[in-house]
Amino acid sequence: MKDTMRSVARATSRMAHVSLWVAGLGLILMTALIAAQVFWRYVLNDSIVWTEPASVMIMGWFIFLGAAVGIREGYHLSFDVVLYMIPQKAKLVLHSISDLTVAGFGVGMIWFGWQLAEKTAGNKLPGLGISGAFDFIPIVVGGFLIVIFSVERVARRAAGLGTARFGDDPVED
């Protein structure tokens, strides 16, 4: 079971690295678009109509991809006061409950994000000329990754492998 979980962890680690790179590139692209908009508007006295909606859409991508990677790496919010006073096995149970709760939140993101995308699919984003559903795809993809990474954390624990927690040393994949 540990060997299987290690190979799954390598695959999810690659997913996390790709997600983080895409998020970082999105941040750079959004910054460049906003800078171009400022230059065109205030220096050239003109405006590029599509940069603002495109930047908002890109921001959705890097926020939700980054949040999913944060879940995998153990950087999500937690209240750890009780954990200092209970035995290690109870800590593992509480960590798993926390990860399953986060996975449930990811399922909600998928479900409600999909509903929003369906309801806005017929709308056209004025500045971009594409379907309004594209605004909500990052929520669905981020929710999917949150579910995958949260379930991986629970499975790692069940296999006897460590999981990263905020403030701890990183765990090998």
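The structure under discussion appears in the preceding block.
A brief look at the structure comes next. Within each chain, residues carry numbers counting from 1 in the order of the written sequence. Only residues with pLDDT of 70 or above have their local features reported here, since the model is predicted, and side-chain atom pairs are shown and tallied only from 80 upward, although totals for entire chains, interfaces and linings are computed over all residues. In computing side-chain properties, one takes all heavy atoms of the structure into account and sets aside hydrogens as well as water.

Helix and strand assignments follow DSSP, with helices taken as H or I runs no shorter than four residues and strands as E runs no shorter than two, numbered in order from the N terminus. With respect to the element layout, Pro-53 can be found in helix 2 (residues 51–72). Burial here depends on accessible area, computed with a 1.4 Å probe over protein chains only, as a share of the maximum for the residue type. Under 20% is buried, over 50% is exposed, and the range in between is partly exposed. On the accessibility criterion, Pro-53 (27% relative accessible area) is partly exposed. In this structure, the C-alpha to C-alpha distance between Pro-53 and His-95, residues 42 residues apart in sequence, is 39 Å. Residues within four places of Pro-53 in sequence aside, it is in contact with Gly-127 and Leu-128. Any two residues whose heavy atoms approach within 4.5 Å are treated as being in contact.

The subject of this paragraph is the packing of helix 1 (residues 2–42) against helix 2. A fitted line through C-alpha atoms represents every axis, and for helices the fit uses only the stretch in contact; the resulting angles, taken between N-to-C directions, go from 0 to 180 degrees. Contact geometry of helix 1 with helix 2 gives a least axis separation of 8 Å together with a crossing angle of 155°. When the axis of helix 1 is compared with that of helix 2, the two are roughly antiparallel. The crossing of helix 1 and helix 2 is left-handed. The residue inventory of the contact of helix 1 with helix 2, partitioned by class, reads 16 nonpolar, eight polar and one charged. Our angle categories are set so that under 35 degrees counts as roughly parallel, over 145 as roughly antiparallel, 65 to 115 as roughly perpendicular, and the remainder as oblique. Crossings are assigned a handedness: left-handed for a near helix turned anticlockwise from the far helix by less than a right angle, right-handed for a clockwise turn. Gly is put with the polar residues, along with every residue not named as nonpolar or charged; the nonpolar set is Ala, Val, Leu, Ile, Met, Phe, Trp, Tyr, Cys and Pro, and the charged set is Asp, Glu, Lys and Arg.

Next up on the list: the side chain of Gln-37. With respect to the element layout, Gln-37 can be found in helix 1. Note on Gln-37: relative accessible area 8%, which makes it buried. Here Gln-37 is in contact with Ser-47, Ile-48 and Thr-51, once residues within four sequence places are set aside.

This part covers the side chain of Thr-120. Take Thr-120: it is sitting in helix 3 (residues 88–120). Residue Thr-120 is classed as buried on the basis of its relative accessible area of 16%. Look past the residues within four positions of Thr-120 in its chain and what remains in contact with it is Ser-131, Gly-132, Ala-133 and Phe-136.

This part covers the pattern of salt bridges. Note on pairing: side chains with opposite charge can pair once their charged atoms come close. One side-chain nitrogen of Lys or Arg within 4 Å of one carboxyl oxygen of Asp or Glu is enough to make a salt bridge. The tally for this structure, following the rule as stated, stands at four salt bridges. Linking Arg-72 and Glu-73 is a salt bridge whose minimum nitrogen-to-oxygen distance equals 3.1 Å. Judged by its relative accessible area of 29%, Glu-73 falls in the partly exposed class. Among the salt bridges present, the one from Arg-72 reaches Glu-152, with a minimum N-O distance of 3.0 Å. Note that Arg-72 is positioned in helix 2 and Glu-152 in helix 4 (residues 137–158), a separation of 80 residues in sequence. A single salt-bridge network, built from bridges that share partners, covers Arg-72, Glu-73 and Glu-152.

This part takes up unusual backbone geometry. You will see that Asn-45, though not glycine, has its phi angle at about 55°, which is positive. Inspection of the secondary structure puts Asn-45 in the loop between helix 1 and helix 2. A relative accessible area of 70% places Asn-45 in the exposed class.

Within 6.5 Å between ring centres, the rings of Phe, Tyr and Trp (the latter by its six-membered ring) count as paired, and their orientation is classed by plane angle as stacked under 30 degrees, edge-to-face over 60, tilted in between. In this structure the tally under the stated criterion is one aromatic pair. A ring pair is formed by Phe-39 and Trp-40, whose centres lie 5.7 Å apart and whose planes are at 75°; its orientation type is edge-to-face. Looking at Phe-39, the relative accessible area reads 39%, which means it is partly exposed.

On to helix 2, then. A helix is expected to span 1.5 Å multiplied by its residue count minus one. The terminal C-alpha atoms of helix 2 lie 32 Å apart, and with 22 residues this matches the ideal 32 Å at 1.5 Å per residue to within 8%. Positive backbone phi, approximately 80°, marks Gly-74, located one or two places after helix 2.

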